[in-house]
Amino acid sequence: MLWRFGLQHASNIDKLLEKEGLMLEEVLNEPDLQQEIREQNPKVVSYLVQPQNLRQMVDYIATEAFFKSTKLAAAACDVLCSNSAAFAEALAAAYVAGDFEDSDESGTESDGSGRAEPEPDAEPRQHLLEQLWGVMGVEAGRLDAQQATQFSRVMCSVLQRKPYEALDFIRAQDAAVAQFLAHLGVSAVVDLLLKVISLEELEGGPGVVAWLGSQRLIPRLVARLAPDQEPETHSLAAQVLLDIIAISQCNNPAQPTIGTNALIAELKSAATVARLADYMLARDAPHATSTLINCVYIFIELIRRNYSDADGAATPEPDGASSGSDGARRDSRLAGVDLSDMMRELAQRVGDLAALLREPRAPTAPVPTTLGAREPLGFERLRICELFAELLHCASMPRLNAARGGADSPTVAPACGVVLAVGDACGRDAAATPVGQLLKWRLVQHGVLPLCADLFFRFELNNFLHSVVYDIMHQVLNLPLGLECNVALVLAAFRDVRITSRIAQASAANDAAARAPRGVRRGYMGHLSGIGEEVARLLELSGAALEPLIAPYIDADEWLDYVARTLHEAREREQQPLGGERPGAAPDAGQVFVSRMGLVDPGDAYGADDDDEDLDDDDDDGDDVAAHAALMYPATEDDAAGYGD
């Protein structure tokens, strides 16, 4: 701050600017240049914003001169992107050819770039932006990444400070969208495209989304996901679509978002989803697996960005929660997109997706691992399971379970009649059934739950798969039982998956394997215990209502033994403090757990007065288990021995 008192050292650039025959290169090579610009040195700024000097700096970035001196190009880029608004204003300004004629006299024009001089005309044009935009005309695959980065930095700076002028210029370019798509492999160009899209949030509505829609941006990107395209093209197009979703639908109110728009509406439309589904499920295409993986990413992102377990999240908050037009605009931008068209189309493809779980297109021959040759799960089957998990999440949204006309779909009480409804799931009227319920019926009809469960136990070391299947089972076992389709899914978990028997048997097999010399625990045991807890919770809370449906598929002795021993021990172990017990404390977590499950009486089964009693040696356990089994699953004349066979 000594400059206020006249004690600062004289600037070297000030002296340099007084030099006769000064060349722009000398100024750009000055080490204090950026500091002088930040301090808004009027001499420096006024010199650099002269049209001939601006044009020469653009030359360093946008022409062959870039490859002759990358140092000068970097310095020119830093100047044009500096904090001085004068440069953005000058770049966006319109000029006539005569504005650049002084360059011949000053000696600052010649740079050997070989560029053509502006044609003399009387109509002002944005000559500097036209010259800078020449970078986009480079042939696809030949654009230098560093040059593209500097070009993008300058254009983004102009868009930030002079958005309307810059957008008008870009929209005036006939092949602008085609040029963006030609350079999808260059991240800097993609960043510029996203910057252009994000300007839709400006006051006054620049109409960027409408312009991009008229240029068919979404159909062009979707076409690049065709299974005959290369996998690299798939990933590039999918990433752009994911970024468009991210800037359009952001769940964080603090993060800028342009809100629901025509691009998202076109992406989630029935026609686009059907096209993507056809690409995904093509059997004979060379890269259909890559297409499926990338399309699943898009569907999952659409669901996650718009998921809400209550319709209230999609409506503005009442009573002044948001004030004025700004608040209303923010609320509308955060409103979720109606995904019913996408869900209905994907519900019709559940059978085809389930078939790929049975017979994937990717190679399944065993591959060598540190544990011997093992069959690979593959990304194809993993992504399909992830898609099923997200579709099930979305299917539980209230708005997707309302009947046509907005009324809630009628609910039914769980009853044995559901068994007949499950068998008749394929005959339901798809047009009349709410899409959320339709999706669930399709999951039951095509046996998705047993397929996913089979993969869970089959690939015992794939924790990514275990997390996904746990998510599916967690959702199913916590569905409200008021809807017939929900009861059908719960029934499928017990009848088709045989979830209680498989949990108990897998746990016993794991214990046997762990006891063997150099034995290794199976990788799914943590998730298996979590599923077991969800089953126990369901039986405690809704066992009486579900008993007519699920009792024939539960081996009571086997399940209660698993809960009383394995699940209890796992829960007790997980509740232990990481640093050990606090001195003097006597936790009783195990008794609380078993009592909460409502399966056995903690005072009788575990000995309230004897904390050290060994469950394995307790002769009374069998009586308690039998008593509870008789209470929950009373024997009939046809099956006096209980259930489980």
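That block above? That's the structure.
From a predicted model like this one, the values you see are computed outputs, not experimental measurements.

What counts as what
Here the residue index of a chain counts from 1 through its sequence in written order. A pLDDT threshold of at least 70 governs which residues receive local features in this predicted model, and a stricter bar of 80 or more applies before side-chain atom pairs are shown or counted, although totals over entire chains, interfaces and linings include all residues. To obtain the side-chain values, all non-hydrogen atoms of the structure were included, while hydrogens and water were left out. In this text, helices come from DSSP runs of H or I with a minimum length of four residues, and strands from runs of E with a minimum of two, each type numbered from the N-terminal end. Any two residues having at least one pair of non-hydrogen atoms within 4.5 Å are treated as being in contact. Surface exposure here means Shrake-Rupley accessible area, sampled with a 1.4 Å probe, where a residue is shielded only by the protein chains that are shown. Between rings of Phe, Tyr and Trp, where Trp is taken as its six-membered ring, a pair exists when centres lie within 6.5 Å; planes separated by under 30 degrees are stacked, by over 60 edge-to-face, and by other angles tilted. We define the nonpolar core as a collection of buried residues of types Ala, Val, Leu, Ile, Met, Phe, Trp, Tyr and Cys that are connected through side-chain atoms lying within 4.5 Å of one another. Exposure classes here rest on a 1.4 Å probe applied to the protein chains alone. A residue is buried below 20% of its type maximum, exposed above 50%, and partly exposed in between. As a rule, the C-alpha atoms of each element are fitted with a line to give its axis, helices using only the stretch in contact, and angles between N-to-C directions run from 0 to 180 degrees. Working definition: roughly parallel below 35 degrees, roughly antiparallel above 145 degrees, roughly perpendicular at 65 to 115 degrees, and oblique for all remaining angles. Only one rule defines a salt bridge in this text: a Lys or Arg side-chain nitrogen within 4 Å of an Asp or Glu carboxyl oxygen.

For the protein, the helix and strand inventory stands at 35 helices and 2 strands. For the protein, long-range pairs separated by at least 24 residues make up 74% of all intrachain contacts whose partners lie at least 6 apart in sequence. Here the protein has roughly 30,100 Å² of accessible surface; of this, 50% comes from carbon and sulfur atoms.

A few words now on the packing of aromatic side chains. One pass over the full model with this rule turns up 8 aromatic pairs. Each ring, one from Trp 133 and one from Phe 151, has its centre 5.9 Å from the other, and the planes form 70°; the classification is edge-to-face. Remark: Phe 151 occurs in helix α11 (residues 145-161) and Trp 133 occurs in helix α10 (residues 127-133); sequence separation between them is 18 residues. Aromatic rings pair up to connect Trp 133, Phe 151, Phe 169 and Phe 180 into one cluster.

Here we take up the nonpolar core. Within soluble globular proteins, side chains that are nonpolar tend to cluster in buried spots. Core analysis: the biggest nonpolar cluster contains 178 residues, and Leu 48, Trp 133, Ile 244, Phe 388, Phe 494 and Trp 559 have the highest contact counts within it. Excluding residues that lie within four positions of it along the chain, Phe 388 makes contacts with Val 350, Leu 353, Ala 354, Leu 357, Leu 443, Val 448, Cys 452 and Ile 472.

Moving on, we come to the packing of helix α17 (residues 231-248) against helix α20 (residues 288-306). As a packed pair, α17 and α20 sit with axes 9 Å apart at the nearest point and diverge in direction by 5°. Our classification of the angle between α17 and α20 gives roughly parallel. Contacts between α17 and α20 involve Pro 231, His 234, Ser 235, Ala 238, Leu 241, Leu 242, Ile 245 and Ala 246 from the former and Ser 290, Thr 291, Asn 294, Tyr 297, Ile 298, Glu 301, Leu 302 and Arg 305 from the latter.

A few words now on the pattern of salt bridges. Any two side chains of opposite charge can pair, so long as their charged atoms come close to each other. Scanning the entire structure with this criterion turns up 19 salt bridges. Of the charged contacts, one joins Arg 171 and Asp 168 as a salt bridge, the two residues approaching to 3.1 Å between their closest N and O atoms. Of this pair, Arg 171 and Asp 168 are both found in helix α12 (residues 163-172), 3 residues apart, which corresponds to roughly one turn of the helix. For Arg 171, a relative accessible area of 26% corresponds to the partly exposed category. Linking Arg 502 and Asp 454 is a salt bridge whose minimum nitrogen-to-oxygen distance equals 2.7 Å.

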